[in-house]
Amino acid sequence: MKVNGTPTRTIWLAEDGHTVEIIDQTRLPHHYEVTQLTTLGDACRAIKDMLVRGAPLIGATAAHGMALAMRGDPSDVGLTTAYDRLFATRPTAVNLRWALDDLRARLTPLPPEQRAAAARARAVEICDEDVALNESIGDHGLAVFRTLWQRKGKPERFNVLTHCNAGWLATVDWGTALAPIYKAHDAGIPVHVWVDETRPRNQGASLTAWELNQHGVPHTVIVDNAGGHFMQHGMVDVCIVGTDRTTSTGDVCNKIGTYLKALAAKDNGVPFYVALPSPTIDWTVRDGVAEIPIEDRGPDEVQCLWGRLESGETAWITVTPEGSPAANPAFDVTPSRLVTGLITERGVCAASAEGLAGLFPERAAA
Ligand code: MRU
């Protein structure tokens, strides 16, 4: 995607061939800043403090983090330490474990002196693969949108509601839920996006709105509680979200608040799609509510807000009274029965064990 007209990914190697560069997403939308990662500690902090976020980008950063770690200590102990420290950064997005398992399996049989180069090459490959997977999701999602738009008689405005940020900022490029939106916009379907602000961190208001602006996609930011109202009034044609972990049975874990949108969509007959690349499927888990670890990010993000003051400076402000506790589960699980379909790189399937096994028979059988 483009930033001020320049094609840009969210993570890349600097000219020296080993320093990793990322867009610091904690500074958007008010500041566009590129940050360098040179050590394992830098990569861990970038994921934990959410300079990078979104399941696929967390996985890609972890892969690069392994490569940075191998430059410092390529021994077996160094490999285990890097795996453990990166794994501990965030618990919910399964792409993190997927990338770390992939790197560890490839690096373990190699002599230590070959590990840094091999890890770097694989990290670059994982990034390139992510771009291809997401573009393919975009193509399949475009077909879904086109069908829905045509069935409605090609209205002048095709209203899509999305939650959190599952755009190119959450991946290496394209995004998952936003890839079909970009494809549809470019194909001439008159897409308009309702952007849930997504409290507490406002990934919708700050990140999704920013990247839709960069691409010129018409959109409107709404508070998280408005989606149901717009659905009741026929102003949402389809919902589409990303996911941090989808079970082998089609339960979808995503940003807190996704479940409520899916309930409202069901009550109003609005199709509810989830876009995901296959590394986001956790084939070891069947019951999303019971088995997926939900990140608890502590009270500060609920009690405070970050934004730009009239002076132009950015600052944190406190919105709750002194002494009021706050709870902050970062994700929730939408049961498969509320999901109309899963849009993957291999096509669209039912959110069910049978649906996923039909598209990924080799994984379901393993
Ligand atoms: O806490 P975040 O910002 O990492 O949460 C991101 C999401 O919930 C996304 O919807 C999900 O990772 C899918 S990204 C393609």
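Residues numbered from 1 in each chain as written. Predicted model: local features only at pLDDT ≥ 70, side-chain atom pairs only at ≥ 80, totals over all residues. Heavy atoms only, no water.

## Focus: the packing of helix α4 (residues 94-107) against helix α5 (residues 112-151)
So, step 1. Packing of α4 against α5 brings their axes to within 10 Å, and their N-to-C directions diverge by 145°. Taken as a pair, α4 and α5 cross one another with a handedness that is right-handed. Of the residues in α5, those touching α4 at W98, D102, L103, R106 and L107 are R115, A118, A119, R122, E125 and I126.
So, step 2. Taken together, the residues of the contact of α4 with α5 sort by class into 6 nonpolar, no polar and 5 charged. (Axes fitted to C-alpha atoms, helices over the stretch in contact; angles between N-to-C directions. Helix = DSSP H or I, 4+ residues; strand = E, 2+ residues; numbered from the N terminus. Left-handed = near helix turned anticlockwise from the far one by under 90°. Contact = heavy atoms within 4.5 Å. Nonpolar A, V, L, I, M, F, W, Y, C, P; charged D, E, K, R; others polar.)

## Notes on the sheet that holds strand β9 (residues 238-241)
So, step 1. What the 7 strands build is an open sheet, ordered β8-β7-β6-β9-β12-β17-β18; its pairing is mixed. The sheet terminates laterally at β8 (219-222) and β18 (347-349), the two strands that pair on one side only. Averaged over all pairs of adjacent strands, the angle between strand axes in this sheet comes to 25°, irrespective of strand direction.
So, step 2. Of the pairings in the sheet, the one linking β9 to strand β12 (residues 272-275) comprises 3 bridges and is parallel in character. (Pairing = 2+ DSSP bridges.)

## Focus: the pattern of salt bridges
So, step 1. Under the counting rule described, the total for this entry stands at 20 salt bridges.
So, step 2. R45 is the partner of D42 in a salt bridge, and the nearest nitrogen-oxygen pair spans 2.9 Å. Within this pair, D42 and its partner R45 are both found in helix α1 (residues 40-48), separated by 3 residues, close to a single helical turn.
So, step 3. Of the residues examined, D42 reaches a relative accessible area of 18% and is grouped as buried.
So, step 4. Here R90 makes a salt bridge to E295, at a shortest N to O gap of 2.8 Å. Placement of the pair is R90 in the loop between α3 (76-87) and α4 and E295 in the loop between α10 (288-291) and α11 (300-303), with a sequence separation of 205 residues.
So, step 5. Beyond isolated ion pairs, a larger network of salt bridges with shared partners links R90, R201, E295, R297 and E301. (Salt bridge = Lys/Arg side-chain N within 4 Å of Asp/Glu carboxyl O. Buried < 20%, exposed > 50% of the residue type's maximum accessible area, 1.4 Å probe, protein only.)

## Here we look at the domain arrangement of the protein
So, step 1. In terms of domains, the protein is made up of domain 1 (2-129) and domain 2 (153-365).
So, step 2. Taken together, the 34 residues of domain 1 in the interface contact 36 residues of domain 2.
So, step 3. Summed over both sides, the interface of domain 1 with domain 2 buries roughly 2900 Å², with 56% coming from carbon and sulfur.
So, step 4. For domain 1, the biggest contributors to the area lost against domain 2 are H30, R53 and T92; these three give 21% of the whole.
So, step 5. Along the contact surface separating domain 1 from domain 2 lie 2 salt bridges.
So, step 6. Put simply, D282 and R97 hold a salt bridge, and the shortest N to O gap is 3.0 Å. (Domains from an automatic or database assignment. Buried area = accessible area lost by both parts, 1.4 Å probe.)

## A few points about the site of the ligand
So, step 1. Among the 19 residues in the neighbourhood of the ligand, the closest are listed as R53, A55, R90, N254 and K255.
So, step 2. Separating an oxygen atom of the ligand from a side-chain N or O atom of R90 is a distance of 2.8 Å.
So, step 3. Within the side chain of N254, a nitrogen or oxygen atom sits 2.6 Å from an oxygen atom of the ligand.
So, step 4. Only α2 (55-72) and β11 (252-255) provide two or more residues apiece to the shell around the ligand.
So, step 5. In the shell around the ligand, the residues fall into 7 nonpolar, 8 polar and 4 charged.
So, step 6. Composition of the shell around the ligand by domain shows at least three residues from each of domain 1 (2-129) and domain 2 (153-365). (Near = heavy atom within 4 Å. Polar contact = N/O pair within 3.5 Å; in protein donor to acceptor, adjacent residues only side chain to side chain.)

## What about the packing of α2 against α5?
So, step 1. Taken N-terminus to C-terminus, the directions of α2 and α5 make an angle of 165°; their axes are 7 Å apart at the nearest point. By the criterion of interaxial angle, the relationship of α2 to α5 is roughly antiparallel. Regarding α2 and α5, the two cross each other, and that crossing is left-handed. Along the contact surface, α2 presents P56, A60, A63, H64, M66, A67, M70 and R71, while α5 presents R115, A116, A119, R120, A123, V124, I126, C127 and D130.
So, step 2. Within the contact of α2 with α5, the residues separate by chemical class into 12 nonpolar, 1 polar and 4 charged. (Parallel < 35°, antiparallel > 145°, perpendicular 65-115°, else oblique.)

## Thoughts on the environment of D128
So, step 1. Mapped onto the fold, D128 is located in helix α5.
So, step 2. By relative accessible area, which is 38% here, D128 ends up partly exposed.
So, step 3. Considering only alpha carbons, one finds D128 and V172, 44 residues apart in sequence, at a separation of 7.9 Å.
So, step 4. In this structure the side chain of D128 is engaged in a polar contact, spanning 2.8 Å, whose partner is the side chain of R9.

## Section: the sheet that holds strand β13 (residues 281-282)
So, step 1. What the 4 strands build is an open sheet, ordered β13-β10-β11-β16; its pairing is mixed. In this open sheet, the two strands that pair with only one neighbour each are β13 and β16 (331-334).
So, step 2. As defined by bridge partners, strand β10 (residues 245-247) adjoins β11 across 2 bridges and the pair is classed as antiparallel. Each bridged residue has a counterpart across the sheet, and for R245 the counterpart in β11 is C253.

## Some thoughts on the state of the cysteines
So, step 1. Per the stated rule, a full pass over the model turns up 0 disulfides.
So, step 2. Here C239 stays unpaired: no disulfide links it, and the sulfur of C164, its closest cysteine neighbor, is 15 Å away.
So, step 3. The exposure class of C239 is buried, given its relative accessible area of 0%. (Disulfide = S-S within 2.5 Å.)

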